[in-house]
Amino acid sequence: MESPSSLPASDLTLAAGEPGRAPEAAPARVNLPDRAWAVLLTALGLGVLLVAAVIVGELWRIGAPAISHTGLKDFVTRSTWDPTRDIFGAAPYIYGTLVTSAVALVIALPISIGLALFLTEMAPPSVRSVVTFPIALLAGIPSVVYGLWGLFVLVPVLRNRAEPFLQRTLGFLPLFQGAPIGLGYLAAGVILAIMILPTITSISIEVLQTVPGSLREAALALGATRWEAIRLAVVPYARAGIVGATMLGLGRALGETMAVTMLIGNSPTIRASLFAPGYSLPAVIANEFAEATGALHTGALAALGLLLFAVTVLLNVVARLLVRLSRRGPARVRA
Amino acid sequence: MKKTILIAGLALAISGAASADKLLINGAGATFPFPLYSKWFSEYNKSFPDVRINYQSIGSGGGIKQITERTVDFGASDAPLTDEQMAKAEGIQHIPTVMGAVVVVWNLPGVDELRIAPETLAGIYLGKITKWNDPALQKDNASLKLPATAITVAHRSDGSGTTNIFTDFLSKVSPEWKAGPGKGTSVNWPAGLGGKGNEGVTGVVKQTEGAIGYVELAYADQNKLPTATLRNHDGQWVKASMESVSAAAAGTAMPDDYRVSITDQPGPKTYPIAAFTYLLVYRDQQDVAKGDALLKFIWWAEHDGQKDAAALDYAPLPGSVVHKVEQTLKRMTVNGKPVLASSK
Amino acid sequence: MMRSVRGRRAVNRAMTALCGLALLIALVPLASLLWLVVSRGLAGLSFDFFTALPAPVGEQGGGVGNAIAGTLYIVGIACLIGVPLGVGAGVYLAERGESRLGDAIRFTAEVLSGVPSIVVGIVAYGLVVLPMRSFSAIAGGVALSVLMVPTLARSTEELVRLVPQSLREASLALGVSQWRTSLKVVLRTALGGIVTAILLAVARAAGETAPLLFTSLNNQYWNWRAGEPTASLTVQIFNYAVAPYKDWHDKAWSAALVLLLLIGTLSLAGRLLSRNRFR
């Protein structure tokens, strides 16, 4: 935004519509309120930078001693977490976070994309406007309420029906072995799937809506069925954006705390079976931070937080880039 | 519209001013005594409406940390502070308030009584005994037909005084446990699910068939969970009760700093996993109003409060301990001045 | 590969059916959750539930009055910090943000939107709770405000950019100073959208639990002092849910119903506002 007094004379002349007429001389005194306003806005903008710097700085300040005490490689690969003996191996938490997020993606991705395709390509527009409301509702439900529902509805269903069923049918896989207790990686993964579904769906819908109609129509004109048009013309165009949507969903899954803490079983172990209890990075921070005595324990938890932050930030940035790229043109990024 | 805002604002200000007269004392810590403390604070507030004590049961570990950081006015813990922790919280005083029992609870439909030997208990928690019909369990429960259900072990996910008491006992009866996970408010559990607080572990056991867990007696009773009969130091099979817990304190001399362990004590009727629980307060209270009110509350808890203990299955403190605590309280100061010196 | 037309049409129908199935599957958990929150929570709603303090362990009755008030109080404090910062940054980005600095700020807002809420909680503990030597509503408000800022900044920037340039130029041409133009013309035009964005951010903040665990902690009493621990609906639901007592579970459902009603009202108000004031 430039004030009239700072525009070059020629622009002003054109704007005034009368060529050749010189503009009035700019006022000599400094416009204090405008200056103050500019300063205020800049300060608020810088405030955002300050907040981010403070968060990263604080996490680093507390967390770095813990990492240097253990060594980064050991911190990330060792699986013993014993604060009383100053041993910090974060592998079980990293494993648990990855496993539950993977389960969540495996479940949510086909449903989200199917749903997005259904709403944009297959259903009449009235359905889309009706269904966006429940999807938005899903997105707005607090994590702790999901945890509540998970504890009293999902866990019994898993323990009494789903897990025994999986054990009977697919029990030869180590993934589905062991006693079904309901709580564990599978429960946390399913609740995460439900939680990230709205994210992936709504962004995918956004992305799909930017696909030019001409592409679709061209495919249909050539005799493709609607599904073939989708598969051959629409999806390749939107592919990068859909990958971006997935990454944003993944980012949300990684950082989820309450629902996961309530359902994952809080066991700092690494087990192959999805029925087994586990732990995740946000869950261990939530459970142990209030009582972490000693700079090393607190630092180790802060280091976990920093690790989580770094990964989610990376995912977010790459994801938004992909979504933006997808909006501008056909997918050039090999996702 | 403007009038509504004005009235609302005034109401807020008035309520703020009104609550300004009431004292708010914040405490946090152990879940072990929470059912009793919850009753105490409520009773005390009825007698002294100007004193509100806000207690959050976040676990003994949390209590120790927050009182060390002085973010709360008092802490609570069943695990006495280690020397290292004492060094960080200079001037902290342990005050025993009541005694309780850590009981073993389980979830097996149809099985209402269970005898568990100490080494069997260690074996279960070490992950060595994995089924309910294991010979070790069956041996002590010959009259029962135990099912082949898998044992799901439940432990604490947070730093816990209850864990400290339980692992203290396991370390005394099982060399393998002592060498392995050992004793502490937080240990490296070989197996099982973590629950947050005594509340969380009770919840896990209640909802998971085949589960076994360790909780404070009050939680077992309030949730109608049967408690295991354990073999004590003298070889007798004992269940937790007010009497068997009191017996555990009978033979031990209370040290001056009150840090003591009363697990696995001798005596025919002694319950093997009994413990004192403590309030953690600084010897010199800096806030005049809060310090005064807090010390008066503790005096009340040590005397009148003890009457509420039995109904909730806690054992009141032995008279000798109360006497000792009285002397300690009389020496504590608010801004340098002792306030309870003349109390009886 | 030449497949028969019938085969291709069959595939088409099958995929359409599958995608329709996706819709049904997606709605099942939502339906179940809403049904349960209402059916299990409704019974517990009473005047007492909305206005009374929680009862001690083992006693019946009590309510979440202080938790409702606490949530509103903490979120209110968060707004005091987050709204000026977020909206202000958004206006900055829209009006003066075409520069290196603006890009950096935009990028940072994006980065901040990915912070896990538990991480914000631990930073707020170190920066507010420890120095203040107390858990407090302020600490909770600070933590929540950090979560509000990125979305507010982004929404505000978009909304302010949507204001037609001609409006700005007309105002300036009439001799109105820059700051007045920004405030009274541009922002006033975008106000409806900004209010919507704020209401949605508030709805989100009201549903957060993790950042409050070590900042505002919890409180069994009413509290209007910003420097003391304060109750909140979300933390209370968590405590009730993981407890072993059946009546606490019932209270958890009822409190969840209250929370959903609060969030739903805020979101609905926001969306209705934006529909009415779209220009």
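Note that residues are indexed from 1 along each chain, following the sequence as it is written. For this description, chains carry letters from A and ligands carry numbers from 1, given in the order in which they are written. A pLDDT threshold of at least 70 governs which residues receive local features in this predicted model, and a stricter bar of 80 or more applies before side-chain atom pairs are shown or counted, although totals over entire chains, interfaces and linings include all residues.

Colleague: Account for the overall build of chain A, with residues named and values stated.
Modeller: Put simply, DSSP H or I for four residues or longer makes a helix, DSSP E for two residues or longer makes a strand, and each gets a number counted from the N terminus. When helices and strands are counted, chain A shows twelve helices and two strands. As a rule, residues whose C-beta atom has 12 or fewer other C-beta atoms within 10 Å are exposed, those with 20 or more are buried, and those in between are partly exposed; C-beta atoms are placed from the backbone. When burial is assessed residue by residue, chain A has 51% of its 335 residues classed as buried. In chain A, once contacts between residues fewer than 6 apart in sequence are set aside, the share between residues at least 24 apart is 74%. Here, residues touch in the contact sense if the C-beta positions derived from the backbone fall within 7 Å of one another.

Colleague: Quick one: what's the story with the overall build of chain C, residue by residue and with numbers?
Modeller: The secondary structure content of chain C amounts to eleven helices and zero strands. Reading chain C from its N terminus to its C terminus gives the helix and strand order α-α-α-α-α-α-α-α-α-α-α. Dimensions of chain C, computed from C-alpha atoms along their principal axes, come out at roughly 70 × 70 × 35 Å. With 279 residues in all, chain C has 54% of them scored as buried. Considering only contacts within chain C whose residues lie at least 6 apart along the sequence, 73% involve residues at least 24 apart.

Colleague: Talk me through the interface of chain B and chain C; I want residue IDs and the actual numbers.
Modeller: Taken together, the 26 residues of chain B in the interface contact 21 residues of chain C. At the level of secondary structure, the elements contributing two or more residues to the side of chain B that touches chain C comprise α1 (2–21), β1 (23–29), α2 (34–47), β2 (51–57), α9 (197–207) and α10 (217–222) of chain B. Along the lines of polarity and charge, the residues of the side of chain B that touches chain C split into five nonpolar, 14 polar and seven charged. Throughout, the ten residues Ala, Val, Leu, Ile, Met, Phe, Trp, Tyr, Cys and Pro are labelled nonpolar, Asp, Glu, Lys and Arg are labelled charged, and all others, Gly among them, are labelled polar.

Colleague: Talk me through the pairing of strand β8 (residues 211–216) of chain B; I want residue IDs and the actual numbers.
Modeller: All names here are of chain B. Burial analysis of β8 places six of its six residues in the buried class, which makes it a mostly covered element. By the alternation rule, side chains of β8 split into Ala211, Gly213 and Val215 and Ile212, Tyr214 and Glu216, which are all buried. Here a strand pair is declared whenever DSSP counts at least two bridges between the two strands. Across five bridges, the pairing between strand β4 (residues 92–106) and β8 is antiparallel. The partner of Trp106 across the bridge, within β8, is Ile212. Sheet analysis places strand β6 (residues 152–156) next to β8, joined by two bridges and oriented parallel. Paired with Thr152 across the strands is Ala211, a residue of β8.

Colleague: Please give an account of the sheet that holds strand β7 (residues 193–195) of chain B that cites residues and values.
Modeller: Residues and elements named next belong to chain B. One open sheet holds the eight strands; their spatial order is β2-β1-β3-β11-β4-β8-β6-β7, and the pairing between them is mixed. Strands at the two margins of the open sheet, each flanked by one partner only, are β2 and β7. Strand-to-strand twist in this sheet, taken as the mean axis angle between neighbours without regard to direction, amounts to 25°. Where helices are involved, their axes are fitted lines through C-alpha atoms of the stretch in contact, as for all axes, and angles between N-to-C directions lie from 0 to 180°. Running over the sheet, α9 touches β2, β4, β6, β7 and β8 and is turned about 150° from β8. Along the sheet, helix α12 (residues 288–303) contacts β1, β2, β3 (74–77), β4 and β11 (274–282); its crossing angle with β1, the most-contacted strand, is approximately 60°.

Colleague: So, the nonpolar core: which residues are in play, and what are the values?
Modeller: When buried Ala, Val, Leu, Ile, Met, Phe, Trp, Tyr and Cys residues are joined through C-beta atoms within 7 Å, the set is termed a nonpolar core. Ranked by internal contacts, the top residues of the largest apolar core, which has 300 residues, are Val145, Ile191, Leu263 and Leu304 of chain A together with Ile237 and Ala256 of chain C. Ignoring sequence-local partners within four residues, the contact set of Ile191 of chain A consists of Tyr146, Gly150, Leu154, Ala259 and Leu263 of chain A.

Colleague: Just give me the short version of the domain arrangement of chain C, but keep the residues and values in it.
Modeller: Residues and elements named next belong to chain C. Those domain boundaries reflect an automatic or database domain assignment. As far as domains go, chain C holds domain 1 (5–42) and domain 2 (51–278). Each side of the interface is counted separately: domain 1 has five residues, and domain 2 has six residues. Considering only residue class, the side of domain 1 that touches domain 2 consists of three nonpolar, one polar and one charged.

Colleague: Before we move on, could you go through the interface of chain C and chain A and cite the residues and values that matter?
Modeller: With 72 residues of chain C in contact, the opposing surface of chain A contributes 68 residues. A total of 20 residues in the side of chain C that touches chain A trace back to one element, the largest contributor, which is helix α1 (residues 5–42) of chain C. Per-class residue counts for the side of chain C that touches chain A are 50 nonpolar, 17 polar and five charged.

Colleague: Go over the sheet that holds strand β10 (residues 237–238) of chain B, please, and point to the residues and values.
Modeller: Residues and elements named next belong to chain B. Overall, mixed pairing links the three strands, which are arranged β5-β9-β10 in an open sheet. Each end of this open sheet is capped by a strand with a single partner; those strands are β5 (115–116) and β10. Bridge count for strand β9 (residues 229–231) against β10 is two bridges, and the pairing is antiparallel. Along β10, the bridge assignment pairs Arg231 with Trp237.

Colleague: With reference to specific residues and values, describe the confidence of the model for chain A.
Modeller: For any part of a model where pLDDT is low, the fine detail of the predicted coordinates should not be relied upon. All names here are of chain A. When pLDDT is averaged along chain A, the result is 86, and 89% of the positions lie at 70 or above. Element-level mean pLDDT values for chain A span from 44 in helix α1 (residues 9–16) up to 95 in helix α10 (residues 258–263). A low-confidence stretch, residues 1–23 (pLDDT under 50), is modelled with 18 contacts involving residues beyond four sequence positions or located in other chains. The score called pLDDT rates the predictor's confidence residue by residue, from a low of 0 to a high of 100. This stretch, residues 331–335, has a pLDDT under 50; its non-local contacts, to residues over four places away or in other chains, come to eleven contacts.

Colleague: I'd like a rundown of helix α6 (residues 137–162) of chain C, residues and numbers included.
Modeller: Residue and element names in this part refer to chain C. In this analysis, the expected span of each helix is defined as 1.5 Å times one less than the number of residues it contains. Here α6 spans 36 Å end to end across 26 residues, near enough to the 38 Å set by a 1.5 Å rise per residue. Bend is computed residue by residue as the angle between axes fitted to the seven residues ending at the residue and the seven residues starting at it. At Met148, α6 shows its maximal kink, close to 30°; a proline, Pro150, follows between one and four residues later. Within α6, 22 of the 26 residues are buried, which leaves it mostly tucked inside the rest of the structure.

Colleague: Any details on the pairing of β11 of chain B? Residues and values, ideally.
Modeller: Residue and element names in this part refer to chain B. Buried residues dominate β11, accounting for nine of its nine residues. Residues Ala274, Phe276, Tyr278, Leu280 and Tyr282 of β11 are buried on one face, and the alternating residues Ala275, Thr277, Leu279 and Val281, pointing to the opposite face, are buried as well. The pairing of β3 with β11 spans three bridges and is classified as antiparallel. When the bridges of β11 are listed, Ala76 appears paired with Leu279.

Colleague: I'd love a proper account of the environment of Asp221 of chain B, names of residues and values included.
Modeller: Mapped onto the elements, Asp221 of chain B comes out in helix α10. Sequence-wise, Asp221 of chain B and Glu176 of chain B are 45 residues apart; in three dimensions their C-alpha atoms are separated by 31 Å.

Colleague: Please provide a residue-by-residue account of the packing of helix α5 (residues 117–132) of chain C against α6 of chain C, values included.
Modeller: Residues and elements named next belong to chain C. Orientation of α5 relative to α6, taken along the N-to-C sense of each, is 140°, at an axis distance of 9 Å. Viewed along their axes, α5 and α6 adopt a mutual orientation that is oblique. The handedness of the crossing between α5 and α6 comes out as right-handed. Facing Ser117, Val120, Gly121, Ala124, Val128 and Val129 of α5, the residues of α6 in contact are Ile138, Ala139, Val142, Ala143, Val146 and Leu147. In terms of residue class, the contact of α5 with α6 is built from ten nonpolar, two polar and no charged. Any angle that is under 35 degrees is reported as roughly parallel, and any over 145 degrees as roughly antiparallel; angles of 65 to 115 degrees are reported as roughly perpendicular and all others as oblique. Crossings are sorted by hand: turned counterclockwise from the far helix by less than a right angle, the near helix makes the crossing left-handed, and turned clockwise it makes it right-handed.

Colleague: Can you explain the environment of Gly100 of chain B? Please cite residues and give values.
Modeller: Residues and elements named next belong to chain B. Within the element layout of this structure, Gly100 appears in strand β4. For Gly100, a count of 32 C-beta atoms within 10 Å corresponds to the buried category. Sequence separation between Gly100 and Phe276 is 176 residues, and the spatial gap between their C-alpha atoms is 6.5 Å. In contact with Gly100, not counting residues within four places along its chain, are Phe32, Pro33, Glu216, Leu217, Val245, Ala275, Thr277 and Tyr314.

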